[in-house]
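# Structural overview
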Amino acid sequence: MKNLIIVISLVLSFEVFAQDAPTEASWKTSLRSLITSIAGAEWGDKIVGPAPIAPVPVAEVPMPEIPKIMKSSTNVESYTKKAKDPTEYDRLPAERRRQFDYKFIEELYQVTRRTEVKDEDLANWLNNLDQGGSREGIYQGLVLDEVYSAMEAMEERPSKKLVDFYIGVSQKYLNQALKPESLQQLNLYSLKRILTEKSLDLIEHFETKELDLLYRWYANFSADQVKDQGTYMKSEVRQNPSAKYHYEWAKNMPVQHLKSEFIIKLHTVMNGLQSVQE
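As a starting point, this report considers the structure included with it. (Residues numbered from 1 in each chain as written. Predicted model: local features only at pLDDT ≥ 70, side-chain atom pairs only at ≥ 80, totals over all residues. Heavy atoms only, no water.)

## Topic: the overall build of the protein
The test is simple: Secondary structure elements follow DSSP: runs of H or I of four or more residues count as helices, runs of E of two or more count as strands, with numbering from the N terminus. Exposed residues in this analysis have more than 50% of their type's maximum accessible area, buried residues have under 20%, and partly exposed residues fall in between, with area computed by a 1.4 Å probe over protein chains only. What sets the accessible areas is the Shrake-Rupley method with a 1.4 Å probe; for residues, cover comes only from the shown protein chains.
A tally of regular secondary structure across the protein gives twelve helices and zero strands. From first element to last, N terminus to C terminus, the protein shows the α and β order α-α-α-α-α-α-α-α-α-α-α-α. Sorting the 278 residues of the protein into buried and exposed places 43% on the buried side. Taken as a whole, the protein presents about 15700 Å² of accessible surface, with 54% of it coming from carbon and sulfur.

## Things to note about the layout of surface pockets
Using the following cut-off: Note on definitions: the grid is 1 Å and covers protein atoms alone; a cavity is a set of points where a 1.4 Å probe fits but cannot get out; a pocket is an open set with protein on both sides within 12 Å along at least five of seven lines; lining residues have an atom within 4 Å of a point. Grid points are joined across faces, edges and corners, and a volume is the space filled by probe spheres set on the points. Only Asp, Glu, Lys and Arg are considered charged, only Ala, Val, Leu, Ile, Met, Phe, Trp, Tyr, Cys and Pro nonpolar, and every remaining residue, Gly among them, polar.
Taken as a whole, the largest pocket encloses approximately 400 Å³ of empty space. Forming the boundary of the largest pocket are 18 residues, of which Phe100, Glu107, Arg238, Trp249 and Glu261 lie nearest the centre. When contributions to the lining of the largest pocket are tallied by element, the ones reaching two or more residues are helix H4 (94-112), helix H11 (243-251) and helix H12 (255-274). When residues of the lining of the largest pocket are assigned to their parent elements, the largest contribution, five residues, is made by H12. Here the lining of the largest pocket is built from residues that sort into eight nonpolar, four polar and six charged.

## Topic: the nonpolar core
Rules: In these notes, a set of buried Ala, Val, Leu, Ile, Met, Phe, Trp, Tyr and Cys residues joined through side-chain atoms within 4.5 Å is what counts as a nonpolar core. Only heavy atoms enter the contact rule, under which two residues are in contact if any of them lie within 4.5 Å.
In terms of nonpolar packing, the biggest core is built from 58 residues, with Ile105, Phe165, Leu195, Leu214 and Trp217 touching the most fellow members. Not counting the four nearest positions on each side in its chain, isoleucine 105 is found in contact with Val117, Leu122, Trp125, Leu126, Leu129 and Ile138.

## Considering the packing of helix H10 (residues 211-229) against H12
Threshold: Fitted lines through C-alpha atoms give the axes, limited to the stretch in contact for helices. The angle between two N-to-C directions lies from 0 to 180 degrees. Working definition: roughly parallel below 35 degrees, roughly antiparallel above 145 degrees, roughly perpendicular at 65 to 115 degrees, and oblique for all remaining angles. Take the far helix as your reference; a near helix turned counterclockwise from it by less than a right angle gives a left-handed crossing, and one turned clockwise gives a right-handed crossing.
Here H10 crosses H12 at 25°, and the two axes come no closer than 11 Å. On the basis of their axis angle, the class for H10 and H12 is roughly parallel. Judged by the sense of rotation from one axis to the other, the crossing of H10 with H12 is left-handed. Of H12, the residues touching H10 (which contributes Leu211, Leu214, Tyr215, Trp217, Tyr218, Phe221, Ser222, Gln225 and Gln229) are Val255, Leu258, Glu261, Phe262, Lys265, Leu266, Val269 and Leu273. Residues belonging to the contact of H10 with H12 are distributed by class as follows: twelve nonpolar, three polar and two charged.

## Some points on unusual backbone geometry
In this structure, arginine 114 takes a positive phi of about 55° despite not being glycine. With respect to the helices and strands, the residue arginine 114 is situated in the loop between H4 and helix H5 (119-130). For asparagine 175, which is not glycine, the phi torsion reads 60° and is therefore positive. Assignment of secondary structure puts asparagine 175 in the loop between helix H8 (160-173) and helix H9 (188-209). When its relative accessible area of 26% is taken as the criterion, asparagine 175 is described as partly exposed.

## As for the pattern of salt bridges
Oppositely charged side chains may form a pair once their charged atoms are brought near each other. Rule in force here: Salt bridge, as applied in this entry: a Lys or Arg side-chain nitrogen positioned within 4 Å of an Asp or Glu carboxyl oxygen.
Following the criterion strictly, the structure yields 18 salt bridges and no others. A salt bridge links arginine 238 to glutamate 107; the nearest nitrogen and oxygen atoms lie 2.9 Å apart. In this pair, arginine 238 sits in the loop between H10 and H11 while glutamate 107 sits in helix H4, placing the two residues 131 residues apart along the sequence. Since its relative accessible area comes to 12%, arginine 238 is described here as buried. The buried category is assigned to glutamate 107, whose relative accessible area is 16%.

## Some thoughts on the packing of H4 against H5
Interaxial distance between H4 and H5 falls to 10 Å at its minimum, and their mutual angle equals 130°. Classified by the angle between their axes, H4 and H5 sit oblique to one another. Here H4 runs over H5; the crossing is right-handed. Across the interface between the two elements, Arg98, Asp101, Tyr102, Ile105 and Tyr109 of H4 pack against Asp121, Leu122, Trp125, Leu126, Asn127, Leu129 and Asp130 of H5. Looking at the contact of H4 with H5 residue by residue, the class counts come to seven nonpolar, one polar and four charged.

Here is the structure:
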């Protein structure tokens, strides 16, 4: 009885206090804890009410569902990509667009071949884009030619951190489970090419389904890289930690630019992790 009188007095005191101060959430928490310590959890819940259940955090940009199988040789739909309306980039003057293409080719050589692009190669690839070629096509051209083939023939194994990264990306972003031993014997350049190509396959899958799926997938990937591997991102845009920011960027750029930005980010991180040997 004595404990009950104490509890009731405390309730009345806290109710008076609550009328003068906007601290209901904190006083209820404190009061419930005090009552529980004196009379037990049942009385605490009866008098103050049960403790509120913390809301489940809502993702800034929800991740899309990732399929297990992305391509089917008998599925005609796999060859039909969703059209995208012209973006602000598409409306830029040709010379301004060429400046962006120039920068892309420079970066692509640096992250894939770890070298500067020669003037002749730069001019050839720029002409390719001027005539309707794609940025993805340039990447494929660089990693499937004899130069890259020679790099894949070198005895250079991926670092442990790079293998761990490959497995993590495969699990979260490609819905594929892998074991370290299946990757450790791969040549470094083969590993980087394979992960990029698998990712581009998924991007192509999203292109045939719904572009918003692609934007959300890309946004989460980009935000995660800032959080986990931000030291390797040099530009201010790439260092932005907001998935919503990357989502809006993706919506307002041509799909080819999304692909090229993904390729460069992925290779940039992989190059950085390879430099950390354990």
